[in-house]
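Results of the structural survey
Now for the letters of each chain:
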Amino acid sequence: MTNNTTERANFGSKLGVILATAGSAVGLGNVWRFPYMAGENGGAVFIIIYVGCVILLGIPCMISEFIVGRHGHCNTARAFSALAGPRSPWAIIGYMSVLTGFLITGYYAVVSGWCLQYVWASLIGHLQGDPEYFRTYFAELSGDPVKPVLWTFIILGVTYLIIEHGVRDGIERASKLLMPTLFILLLVIVVAACLLPGGSKGVEFLFKPDFTKITSDVFLGALGQSFYSLSIAMGCLCTYASYFSRSTDITKSAAQIAIIDCLVAILAGLMIFPAAFSVGVSPDSGPSLIFITLPNVFQQAFAAVPVVGYIISLLFFVLLSLAALTSLMSLHEVSTAFFQEELRTTRKRAALLVSTLAFIIGAFCSLSLGAVDGLTFFGKTLFDWFDFITGQIFLPIGGFLTCIFIGWSVSHKVVRDEFTNWGTLRGRYFHFYIFLVKYVCPLAILFIFLHQFDLI
């Protein structure tokens, strides 16, 4: 451990550790991206491969970030320097993770703001009409110069109010409220969807594998989703681990978080596909599934009892907003911790600085989607560029380098000490973990990276 431990906050309970870190992993990647990825890649077979990828890729990468964060006991950039040495080139991984988390905060807040707009629209009964209406509604919303920017400001304001209260009174307390609420809403909508006429076909799609649908694209899609879903290489896991106590079992915590992550993703599928099959909507509707397809699905599925459709639609978008907020909190904290320690300022000032800069990025990203023509470069909007650079370049590179760093550069004694809580735990899977981090994880991430550019 480094000496940078004085006056550093810690989570107050084991439950707080699990719920806060699970909140970092559970976000729109589970509730939005996982269902449409499963729909496009064969349903049940995708889930089987995805769970395998979480175990063999996600958990080892998560443990690696936990080791770096807890050992450094400081912000992500400084934590990598603490392990590698301040002048080591490996220290750049930490700065890349902070930058990645910061850039994602900006454009992720825009999508989170859309969720809030849909909550409001559901509440006042505006989400009614035919499929073309919902398509037009989303196009007009994303291209509006005012509404998305206003909702971006609101969601970042809520995030700021949580972050400025610190680790225990802010992040941990909010997570203990938001995560159980998210699960309850999820279960309510799952039950309602599965009871719909024809809903059993959606359940079958998710749990009855058709192994003829397995392709290399399905494997690589599942690998990429596991990486995206668990918030790896965004600095979130490393930052939260810096608040872990010496007694926190990081291996057990990683496994518990991975289980919660997979459970939420599968429940999201159970929430969406039974309703989609009930009204004859294709499960491979793609990224438009949440904001265009699903409002129409809920309206049609509960047409016989409109009030139920109204309630389910409202609850769904509240659920989506909560999932977005839990992830936005962790992304915001990455940069807040960095600025607070590097600028030697107060948490409130650091959080305000992050919120302000993230809002500026979010506002420009939002305006690039139609309101301002000059924010398109080389055929991509500013929003698309932020998504592309962080998601397809920074995340895989950061994850790859973290695995190489832990597996090949850091002393195995240091890694073992963190893995076993300095010999107080048995660490029976340590050698298997090292094997995965040295060989399996880097190769898997490399395949994802090359595949997305059609190089393999």
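Report follows, based on the coordinates. Per chain, the residues get numbers from 1 upward, laid out in the order the sequence is written. This being a predicted model, a pLDDT of at least 70 is required before a residue's local features are given, and a value of 80 or more before pairs of side-chain atoms are given or counted; all residues contribute to the totals for chains, interfaces and linings. Think of the side-chain values as coming from all heavy atoms in the structure, minus any hydrogens and water.

With respect to the packing of helix α8 (residues 166–194) against helix α14 (residues 306–342)
- Running from N to C, α8 and α14 point in directions that differ by 150 degrees, and their axes come no closer than 9 Å. Between α8 and α14, the angle falls in the class roughly antiparallel. Handedness of the α8/α14 crossing: left-handed. Residues Ile-171, Ala-174, Ser-175, Leu-178, Met-179, Thr-181, Leu-182, Leu-185, Leu-186, Val-188, Ile-189 and Ala-192 of α8 form the contact with α14, whose participating residues are Ile-312, Leu-315, Phe-316, Val-318, Leu-319, Leu-322, Ala-323, Leu-325, Thr-326, Met-329 and Glu-333.
- Classifying every residue of the contact of α8 with α14 gives 19 nonpolar, three polar and one charged. Note on definitions: angles span 0 to 180 degrees between N-to-C directions of axes, and those axes are lines fitted to C-alpha atoms, for helices only across the stretch in contact. Numbering of helices and strands starts at the N terminus; helices are DSSP runs of H or I of at least 4 residues and strands are runs of E of at least 2. Any angle that is under 35 degrees is reported as roughly parallel, and any over 145 degrees as roughly antiparallel; angles of 65 to 115 degrees are reported as roughly perpendicular and all others as oblique. Should the near helix be turned counterclockwise from the far one by less than a right angle, the crossing is left-handed, whereas a clockwise turn marks it as right-handed. Any two residues whose heavy atoms approach within 4.5 Å at even a single point are treated as in contact. The nonpolar class holds Ala, Val, Leu, Ile, Met, Phe, Trp, Tyr, Cys and Pro. Asp, Glu, Lys and Arg form the charged class, and all remaining residues, Gly among them, are polar.

Structural notes on the environment of Arg-135
- Assignment of secondary structure puts Arg-135 in helix α6 (residues 131–143).
- You can call Arg-135 partly exposed: its relative accessible area is 42%.
- Through-space distance from the C-alpha of Arg-135 to that of Phe-435 is 48 Å; in sequence the pair is 300 residues apart.
- Polar contact criterion, stated in full: a pair of N or O atoms within 3.5 Å, where within protein one must be able to donate a hydrogen and the other to accept it, and residues adjacent in sequence count only if both atoms are side-chain atoms. Side chain to side chain, Arg-135 and Glu-132 meet in a polar contact 3.0 Å long. A 1.4 Å probe rolled over the protein chains alone gives each residue an accessible area, and that area as a share of the maximum for its type sets the label: buried under 20%, exposed over 50%, partly exposed in between.

Focus: helix α2 (residues 28–40)
- End to end, α2 covers 17 Å across 13 residues, agreeing with the expected 18 Å (1.5 Å per residue, within 8%).
- Within α2, the axis deviates most sharply at Phe-34, by approximately 35 degrees, and proline Pro-35 lies no more than four positions further along.
- With eleven of its 13 residues buried, α2 lies for the most part within the structure.
- What α2 keeps buried is the set Leu-28, Gly-29, Asn-30, Val-31, Arg-33, Phe-34, Pro-35, Tyr-36, Met-37, Ala-38 and Gly-39. A helix is expected to reach a length of 1.5 Å times the quantity of its residues less one. Axes are fitted to the seven residues ending at a residue and to the seven starting at it; the angle between these axes is taken as the bend at that residue.

Considering the nonpolar core
- Among buried residues, those of type Ala, Val, Leu, Ile, Met, Phe, Trp, Tyr and Cys that are joined through side-chain atoms within 4.5 Å constitute a nonpolar core. In this structure, Met-271, Phe-291, Ile-406 and Tyr-433 are the most contacted members of the largest nonpolar core, which totals 160 residues.
- The biggest single contributor to this core is α14, with 17 residues.
- With residues near it in sequence (within four places) discarded, Met-271 still touches Val-31, Leu-186, Ile-189, Val-190, Ala-193, Phe-316 and Leu-319.

Description of a nonpolar patch on the surface
- Residues forming no salt bridge and having over 30% relative accessible area are the ones grouped into patches, like charges within 9 Å of each other and nonpolar side chains (Val, Leu, Ile, Met, Phe, Trp, Tyr) within 5 Å. Accessibility throughout is a Shrake-Rupley quantity obtained with a 1.4 Å probe, and a residue counts as covered only by protein chains that appear here. Note on definitions: salt bridges are taken to be side-chain nitrogens of Lys or Arg within 4 Å of carboxyl oxygens of Asp or Glu. On the surface, a nonpolar cluster with roughly 670 Å² of combined accessible area is contributed by Trp-120, Leu-123, Ile-124, Val-305, Val-307, Val-308, Tyr-310 and Ile-311.
- Among the secondary structure elements, those contributing two or more residues to the nonpolar patch are α5 (92–123) and α14.
- With four residues, the top contributor of residues to the nonpolar patch is α14.
- Note on placement: Trp-120 falls in helix α5.

Concerning the pattern of salt bridges
- What the rule picks out here adds up to eight salt bridges.
- The residue Lys-348 makes a salt bridge to Glu-164 at a minimum N-O spacing of 3.8 Å. Residue Lys-348 is found in helix α15 (residues 347–367), and its partner Glu-164 is found in the loop between α7 (147–163) and α8; the two are separated by 184 residues along the sequence.
- The salt bridge involving Glu-172 is made with Lys-176; its shortest N-O contact spans 3.4 Å. On the criterion of helical spacing, the pair formed by Glu-172 and Lys-176 is a turn pair, its members being four residues apart in helix α8.

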